[in-house]
Amino acid sequence: MKKNELRKITFTSVFVAIAFVFGLVTKYVPGLNLEMPQGGSVFGFPMIPIIFIGFILGVKYGILGGILYGLVSLMLDGVLYHWASLFLDYLIAFGVLGLTGLFKEKLHHPKQFILVVLFVAFLRYLSHGLSGALIFGEFAPEGMNPWFYSFIVYNAPYMLTSAVLTTIVSVLIRKKIIVLAEEYYLLDVSSSSSTEAK
């Protein structure tokens, strides 16, 4: 195995582990363990490491890291309501966060970086929204359209909070993550310093 490939696997593993720790914190620490009744954390901090895997290593490792965390998240939740939920609420929902890898160069441009983070968070929201409408429609109040309930009433509030908090924290640590990636030769130092927006 090439040394650089080993670095990428290690980086992915470590960041998935960090996402796992964030998941534990937001699930069990009082004040941070705010969840919707059928799942969905108000504090979506586990998204942050997955997003950076994509930005640093590209879409392949980003999606892989997201899928791995999706499986970890399922273990944290400890229950699967429907087989399709495995894909829409876990594998796809977190896998799409790795699509930041399609916009690696945006890591060095703060405003564009924010747009990419919000974009992948929106894709995660769509996945959960579809799951809620197709699988959990029975939980909608009587007389309420299950699509409206899922996308607007249930998933929009916590995903909006998660997206905003994830974006703020990601912006604050962006430069430190870039430096870390450069130290482990996962980013080209010369290109990143020349494209970094001031």
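Here we summarise the structure given alongside this text. Owing to the predicted nature of the structure, the values given are computational and were not obtained by experimental measurement. (Residues numbered from 1 in each chain as written. Predicted model: local features only at pLDDT ≥ 70, side-chain atom pairs only at ≥ 80, totals over all residues. Heavy atoms only, no water.)

1. Let's talk about the pattern of salt bridges
Using the following cut-off: Every case where a carboxyl oxygen of Asp or Glu lies within 4 Å of a side-chain nitrogen of Lys or Arg is listed as a salt bridge. Only DSSP runs of H or I reaching four residues or more are called helices, and only runs of E reaching two or more are called strands; each is numbered from the N terminus. Only protein chains enter the calculation, and the probe is 1.4 Å; a residue is then buried if its accessible area is under 20% of its type maximum, exposed if over 50%, and partly exposed in between.
If you walk through the whole model with that rule in mind, you get 3 salt bridges. With a closest N to O distance of 4.0 Å, glutamate 5 and lysine 60 form a salt bridge. Here glutamate 5 is found in helix H1 (residues 3-28), whereas its partner lysine 60 is found in helix H3 (residues 59-77), with 55 residues between them in sequence. Exposure remark for glutamate 5: the relative accessible area of 27% places this residue in the partly exposed category. Residue lysine 60 is classed as exposed on the basis of its relative accessible area, which comes to 56%.

2. Considering the packing of aromatic side chains
Centre-to-centre distance and the angle between the planes together describe a pair of aromatic rings. To keep it simple, the criterion reads: For Phe, Tyr and Trp, where Trp contributes only its six-membered ring, two rings pair if their centres lie within 6.5 Å, and the inter-plane angle classes them as stacked under 30 degrees, edge-to-face over 60, or tilted in between.
Counted by the stated rule, this structure contains 14 aromatic pairs. Here the aromatic rings of phenylalanine 122 and tyrosine 125 are separated by 5.9 Å at their centres, their planes lie at 40 degrees, and the arrangement is tilted. In this pair, phenylalanine 122 and tyrosine 125 are both assigned in helix H5 (residues 110-134), 3 residues apart and thus about one turn of the helix distant. Its relative accessible area of 43% is what places phenylalanine 122 among the partly exposed residues. A residue is classified by how much of its surface remains accessible, and tyrosine 125, at 14% relative accessible area, is buried. Put simply, the rings of Phe122, Tyr125, Trp147 and Phe151 touch in pairs and so form one group of aromatic residues.

3. Let's talk about the packing of H3 against helix H4 (residues 83-95)
Where we set the bar: Orientation is described by axes fitted as lines to C-alpha atoms, over the contacting stretch for helices, and by angles from 0 to 180 degrees between their N-to-C directions. For this classification, under 35 degrees means roughly parallel, over 145 means roughly antiparallel, 65 to 115 means roughly perpendicular, and everything else is oblique. Whether a crossing is left-handed or right-handed is set by the direction in which the near helix is turned from the far one by less than a right angle, anticlockwise for left-handed and clockwise for right-handed. We call two residues in contact whenever any of their non-hydrogen atoms come within 4.5 Å of each other.
At their nearest, the axes of H3 and H4 sit 6 Å apart, and the two run at 140 degrees to each other. Classified by the angle their axes make, H3 and H4 are oblique. Along this stretch, H3 crosses H4, giving a crossing that reads as right-handed. Between H3 and H4, the residues in contact are Gly62, Ile63, Gly66, Ile67, Tyr69, Gly70, Leu71, Ser73, Leu74 and Asp77 and Leu86, Tyr90, Leu91, Phe94 and Gly95, respectively.

4. Let's talk about the nonpolar core
Rule in force here: Among the buried residues, those of types Ala, Val, Leu, Ile, Met, Phe, Trp, Tyr and Cys that are joined through side-chain atoms within 4.5 Å form a nonpolar core.
Core analysis: the largest hydrophobic core is formed by 30 residues, its most contacted members being Ile53, Ile56, Tyr69 and Leu107. Put simply, the parts of the chain that give this core at least two residues each are H1, helix H2 (47-57), H3, H4, H5 and helix H6 (146-183). Of all the elements, H2 adds the most residues to this core, at 9 residues. Each residue touching leucine 107, except ones within four places of it in the same chain, is listed here: Phe52, Phe55, Ile56, Phe113, Arg174, Ile178 and Leu187. Counting residues in hydrophobic clusters, the runner-up holds 10 residues, among them Val42, Phe43, Ala140 and Tyr158.

5. Side note on H3
How we decide: Helix span, expected: 1.5 Å multiplied by one less than the number of residues in the helix.
Helix length check: H3 (19 residues) gives 26 Å between terminal C-alpha atoms against 27 Å at 1.5 Å per residue, within 8%. Of the residues making up H3, those classed as buried are Tyr61, Gly62, Gly65, Gly66, Tyr69, Gly70, Val72, Ser73, Leu74 and Leu76. Where H3 is buried, its residues touch H1, H2 and H4.

6. Description of a nonpolar patch on the surface
Heads up, the rule is: Each patch is assembled from residues with relative accessible area greater than 30% and no salt bridge, linking like charges that lie within 9 Å and nonpolar side chains (Val, Leu, Ile, Met, Phe, Trp, Tyr) that lie within 5 Å. All accessible areas in this document rest on Shrake-Rupley with a 1.4 Å probe, and a residue is counted as covered only by the protein chains that are shown.
A cluster of nonpolar side chains, namely Phe20, Val21, Phe22, Val25 and Val29, defines an oily patch on the protein surface of about 340 Å² accessible area. Secondary-structure assignment places valine 25 in helix H1. Look at valine 25 and you get partly exposed, because its relative accessible area is 31%.

7. Section: H1
Between its terminal C-alpha atoms H1 stretches 38 Å, which fits the 38 Å expected from 26 residues at 1.5 Å a residue. Along H1, the positions that sit buried rather than exposed are Phe11, Thr12, Phe15, Val16, Ala19, Gly23, Thr26 and Lys27. Against the buried residues of H1 lie H2, H3 and H6.

8. So, the packing of H1 against H2
For the pair H1 and H2, the least separation of the axes is 8 Å and the interaxial angle reads 165 degrees. Considering the angle they form, H1 stands roughly antiparallel to H2. Here H1 and H2 pass one another in a crossing that is right-handed. Each of Lys8, Phe11, Thr12, Phe15, Val16, Ile18, Ala19 and Phe22 in H1 lies in contact with H2, whose residues at this interface are Pro49, Ile50, Phe52, Ile53, Ile56 and Leu57.

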